[in-house]
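Chain residues, written in single-letter form:
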Amino acid sequence: MPAKNRIKPYIENGYYHIYNRGVNKRLIFKDKKDCIVFQRFLKQYLSPKDDLKEFMRPGERLDRLMKTNMHGELEILAFALMPNHFHLLVRQKKPEAIIKFMRRLCTSYSMYINRKYQRVGHLFQDAYKGVLVLDDQYLLHLSRYIHLNPDALDSGMINFREFNSYPYYLGEQSAKWVNTKYILKYFRNEKVGNHNGSYENFIEDYRKSSTKNFLIGLALDDDDVV
């Protein structure tokens, strides 16, 4: 279950559902490049320090990237980008890592959007929301919710299934900055419900049944993004 209050008790080794949306529910991802840039920031802040050279721009110093990198402090288990919001499932390994990470992520992306679209002001509606995950059942439920999020979209200019961590769980993609082991350990050499130990079946069986009822069950309060 999620924590019942919205206060962020940032505990060491805690799992959190982090999410935010655009001010007045406006789009925060207008084209594919926007999604690529946001995902690149995730990768930059969470990749091992030995891999940071690929993020260097002309005239940029490696030590600056290393100072903002948070590998070893926070891990991302699942993510989903949507037209006007995003979802992250993270594990905080050090106290206040989420605060630092989200400040860097949201500031960097907001600056990119404001430059690109020649806009001023806030990009996001409010401070991000963070909810502590209190048990294993909800952790699995939440990962499934995040991976099914793009199902609610009609086809458009952006295929948001490309900007979702589900392919990493299927073995179609791999990355050092996405950690799938905490979720997949529940599906190895054991039967989970009637899914025969397969995370793919855990997702796809629900997709075939009742995604709408599932999404309703994930609402955290009346103002939440789903």
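The sections below set out a description of the structure shown in this document. Note that this is a predicted model, so its numbers are computed, not measured.

## As for the sheet that holds strand E2 (residues 74-82)
As a general point, the strands of a sheet are linked pairwise by backbone hydrogen bonds and lie either parallel or antiparallel. Read from one edge to the other, the open sheet built from 4 strands follows the order E2-E3-E1-E4, with strand pairing classed as antiparallel. Single-partner strands in this sheet number two, and they are E2 and strand E4 (129-132). Each neighbouring strand pair of the sheet contributes to a mean axis angle of 20°, computed without reference to strand direction. With 8 bridges joining them, strand E1 (residues 14-21) and strand E3 (residues 85-92) adopt antiparallel strand pairing. Paired with Asn 20 across the two strands is Phe 86, which belongs to E3. Docked against the sheet, helix H4 (residues 136-148) engages E1, E2 and E3, running at close to 150° with respect to E3.

## As for the layout of surface pockets
Once rolled over the atoms, a probe with the size of a water molecule shows which space is left empty. Taken as a whole, the largest pocket holds about 240 Å³ of empty space. Surrounding the largest pocket, 13 residues form its lining, Phe 41, Gln 44, Arg 57, Ser 108 and Arg 115 being those nearest its centre. Element by element, the count of residues in the lining of the largest pocket is highest for helix H1 (residues 32-46), at 5 residues. Split by residue class, the lining of the largest pocket holds 5 nonpolar, 3 polar and 5 charged.

## Details of the environment of Gly 22
Considering the arrangement of structural elements, one finds Gly 22 in the loop between E1 and H1. We classify Gly 22 as buried; its relative accessible area is 0%. Residues Gly 22 and Phe 86, 64 residues apart in the sequence, show an inter-C-alpha distance of 9.4 Å. Not counting residues up to four positions away in its chain, the partners in contact with Gly 22 are Ile 28, Asn 84, Leu 123, Phe 124 and Gln 125.

## Notes on the side chain of His 147
Looking at the element boundaries, His 147 is found in helix H4. A polar contact is formed between the side chain of His 147 and the side chain of Ser 165, at a distance of 2.7 Å. Among the polar contacts made by the side chain of His 147, one reaches the side chain of Tyr 199 at a distance of 2.8 Å. Residue contacts for His 147: discarding those within four places in its chain leaves Ala 78, Asn 164, Ser 165, Tyr 166, Tyr 169, Tyr 199, Ile 203 and Arg 207.

## Overview of the pattern of salt bridges
Within the structure shown, the criterion is met by 9 salt bridges. One salt bridge connects Asp 51 with Lys 176, and the closest N-O pair in it is separated by 3.4 Å. Of this pair, Asp 51 sits in the loop between H1 and helix H2 (62-68) while Lys 176 sits in the loop between helix H5 (166-169) and helix H6 (181-184), and the two are 125 residues apart along the sequence. Where Asp 151 meets Arg 161, a salt bridge forms, and the shortest distance between an N and an O atom there is 3.2 Å. Highlighted residues: Asp 151 in the loop between H4 and H5 and Arg 161 in the loop between H4 and H5, separated in sequence by 10 residues.

## Overview of the environment of His 87
Here His 87 shows up in strand E3. Given a relative accessible area of 0%, His 87 falls into the buried group. Separated by 69 residues in sequence, His 87 and Ile 18 have C-alpha atoms that sit 5.9 Å apart.

So, how was this worked out
Each residue is numbered by its place in its chain's sequence as written, counting from 1. Only residues with pLDDT of 70 or above have their local features reported here, since the model is predicted, and side-chain atom pairs are shown and tallied only from 80 upward, although totals for entire chains, interfaces and linings are computed over all residues. Excluded from the side-chain calculation are hydrogens and water; included are all heavy atoms of the structure. Between any two strands, pairing holds if DSSP finds at least two bridges. Secondary structure elements follow DSSP: runs of H or I of four or more residues count as helices, runs of E of two or more count as strands, with numbering from the N terminus. Axis definition: a line fitted to C-alpha atoms, limited for helices to the stretch in contact. Angles are taken between N-to-C directions and run from 0 to 180 degrees. Contact between two residues is taken to exist if any of their heavy atoms lie within 4.5 Å; hydrogens are not considered. Both cavities and pockets are sets of points on a 1 Å grid over the protein atoms alone; in a cavity a 1.4 Å probe fits but cannot get out, in a pocket the set is open with protein on both sides within 12 Å along at least five of seven lines, and lining residues sit with an atom within 4 Å of a point. Grid points are joined across faces, edges and corners, and a volume is the space filled by probe spheres set on the points. In this count, Pro and Cys sit with the nonpolar residues alongside Ala, Val, Leu, Ile, Met, Phe, Trp and Tyr, while Asp, Glu, Lys and Arg are called charged and the others, Gly among them, polar. Think of it in three bands: residues with accessible area under 20% of the maximum for their type are buried, residues over 50% are exposed, and the middle band is partly exposed, with areas taken using a 1.4 Å probe on protein chains only. Polar contact is defined as a pair of N or O atoms within 3.5 Å, subject to the rule that within protein one atom must be able to donate a hydrogen and the other to accept it, and that residues adjacent in sequence are counted only when both atoms are side-chain atoms. The term salt bridge refers to a side-chain nitrogen of Lys or Arg lying within 4 Å of a carboxyl oxygen of Asp or Glu.

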